Amino acid sequence: MAATTSVPDSDSLFEEMAVNLSEYGYSVQKNALPLLLGNRLWEQSHGDGESALRPAGVGRKQGLQFNQAVRSDKIAWIDDATSTGAEWLKWTAELQAGLNSSLFLGLFNFESHYALYEPDCFYKTHYDAFRGEKNRIVSIIVYLNHDWLQADAGELVLFTAGDAKIPLTVMPEFGTVVTFLSEEVPHEVLLTHRDRYSIAGWFCARRDSPVR
Ligand code: OGA
Ligand code: MN
């Protein structure tokens, strides 16, 4: 499985993600988020970031719908107006540069938001991008939950195209970083029994403005 439990330096982490992405279309890295950054993101998501959370929409910007049958999380977009946001965007810019130099994906910009799934919330199976649109190329999910238990549920399920076609289930545990090809990997968030904090982000290609 494309996973590790060590804490590699960022260059080797980014390289391993790139290799996993090209081989499997996804990469799951435990304890991969730098600890200080993770702690700051945790604080922001539970502080002023939390008060900014609003129900998430589904679909393109123009036809944005609030369909709670599909997803019921709340989100807050992240920008560099706070030092925590700036630090996160610096780290993701380094990852973007690493992926570009290994995979020549032409990743050009990045957008991301905090997400809170309260108990009984979920996000049904979906793709993050539609084939051929060439906007969202690589998705990244980072988890901010300490001491997550199996009984808390709320797993991310990736339906990968591997030989066995066995869905890959990921617990939303603090420090775990998941990346996958936005057009290739359908995925869902199972109903959670506990407040579940994450960041979802997308590396986009130069064409088209980002989709929200
Ligand atoms: C998304 C998404 C997964 C997660 O926001 O598009 O798929 O585990 N999130 O939070
Ligand atoms: Mn998604």
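All values derive from a computational prediction rather than experimental measurement.

*Asks:* Where do I start with the pairing of strand β6 (residues 136-143) in this structure?
*Replies:* It is a general feature of regular strands that their side chains alternate between the two faces of the sheet. Across the eight residues of β6, eight count as buried, placing the element largely inside the fold. When β6 meets strand β9 (residues 177-181), the two strands line up antiparallel, connected through five bridges. Of the residues in β9, the one forming a bridge with I141 is V178.

*Asks:* Would you explain the sheet that holds strand β1 (residues 26-29) in this entry?
*Replies:* Paired through their backbone hydrogen bonds, the strands of a sheet run either parallel or antiparallel. The strand order across the open sheet formed by seven strands is β1-β9-β6-β11-β4-β3-β2, and the pairing between neighbours is antiparallel. Each having just a single partner strand, β1 and β2 (54-55) make up the two edges of the open sheet.

*Asks:* Just checking my understanding: could you explain the site of ligand 1 for this structure?
*Replies:* By nearness alone, 13 residues border ligand 1, and H126, Y143, H187, R196 and S198 come closest of all. In this structure, an oxygen atom belonging to ligand 1 sits 2.8 Å away from a side-chain N or O atom of R196. S198 places a polar side-chain atom, nitrogen or oxygen, 3.3 Å from an oxygen atom of ligand 1. When ligand 1 is considered free in solution it has 290 Å² of accessible area, and contact with the protein chains removes 99% of it. When residues of the shell around ligand 1 are traced back to their parent elements, those giving at least two are β5 (123-126), β6, β10 (187-189) and β11 (196-205).

*Asks:* Sorry, what's going on with the packing of helix α1 (residues 10-24) against helix α4 (residues 83-103) here?
*Replies:* Between two packed helices, both the angle of their axes relative to each other and the distance between the axes serve to describe the pair. Direction vectors running N to C along α1 and α4 enclose 50°, while the axes themselves pass 9 Å from each other. Taken together, the axes of α1 and α4 lie oblique to each other. Where α1 crosses over α4, the two elements pack in a sense that is right-handed. Contacts between α1 and α4 pair L13, F14, E15, M17, A18, L21 and S22 from the former with W91, E94, L95, L99, S102 and L103 from the latter. Split into classes, the residues belonging to the contact of α1 with α4 amount to nine nonpolar, two polar and two charged.

*Asks:* Explanation requested: the coordination of the manganese ion (ligand 2) in the structure shown.
*Replies:* Four donors placed tetrahedrally around a metal ideally meet at 109.5 degrees, and six donors placed octahedrally ideally meet at 90 or 180 degrees. Looking at the manganese ion (ligand 2), the protein donor atoms are H126 (NE2), D128 (OD) and H187 (NE2), and they sit 2.1 to 2.2 Å from it. Mapping the donors of the manganese ion (ligand 2) onto the primary sequence gives the spacing H-x1-D-x58-H. Assigned by exposure class, H126 and D128 land together as buried.

*Asks:* Could you clarify how one ought to interpret the pairing of β1 in this entry?
*Replies:* Alternating residues of β1 divide into Y26 and V28 and S27 and Q29, and every residue in both groups is buried. As paired elements, β1 and β9 share four bridges and run antiparallel to each other. Each residue of the ladder has a partner; that of Q29, found in β9, is V177.

How each quantity is defined
- Residues numbered from 1 in each chain as written.
- Chains lettered and ligands numbered in written order.
- Predicted model: local features only at pLDDT ≥ 70, side-chain atom pairs only at ≥ 80, totals over all residues.
- Heavy atoms only, no water.
- Buried < 20%, exposed > 50% of the residue type's maximum accessible area, 1.4 Å probe, protein only.
- Helix = DSSP H or I, 4+ residues; strand = E, 2+ residues; numbered from the N terminus.
- Pairing = 2+ DSSP bridges.
- Near = heavy atom within 4 Å.
- Polar contact = N/O pair within 3.5 Å; in protein donor to acceptor, adjacent residues only side chain to side chain.
- Areas by Shrake-Rupley, 256 points an atom, 1.4 Å probe, with all protein chains shown as cover.
- Axes fitted to C-alpha atoms, helices over the stretch in contact; angles between N-to-C directions.
- Parallel < 35°, antiparallel > 145°, perpendicular 65-115°, else oblique.
- Left-handed = near helix turned anticlockwise from the far one by under 90°.
- Contact = heavy atoms within 4.5 Å.
- Nonpolar A, V, L, I, M, F, W, Y, C, P; charged D, E, K, R; others polar.
- Donors = N, O, S within 2.8 Å, 3.2 Å for Na, K, Ca; no water.

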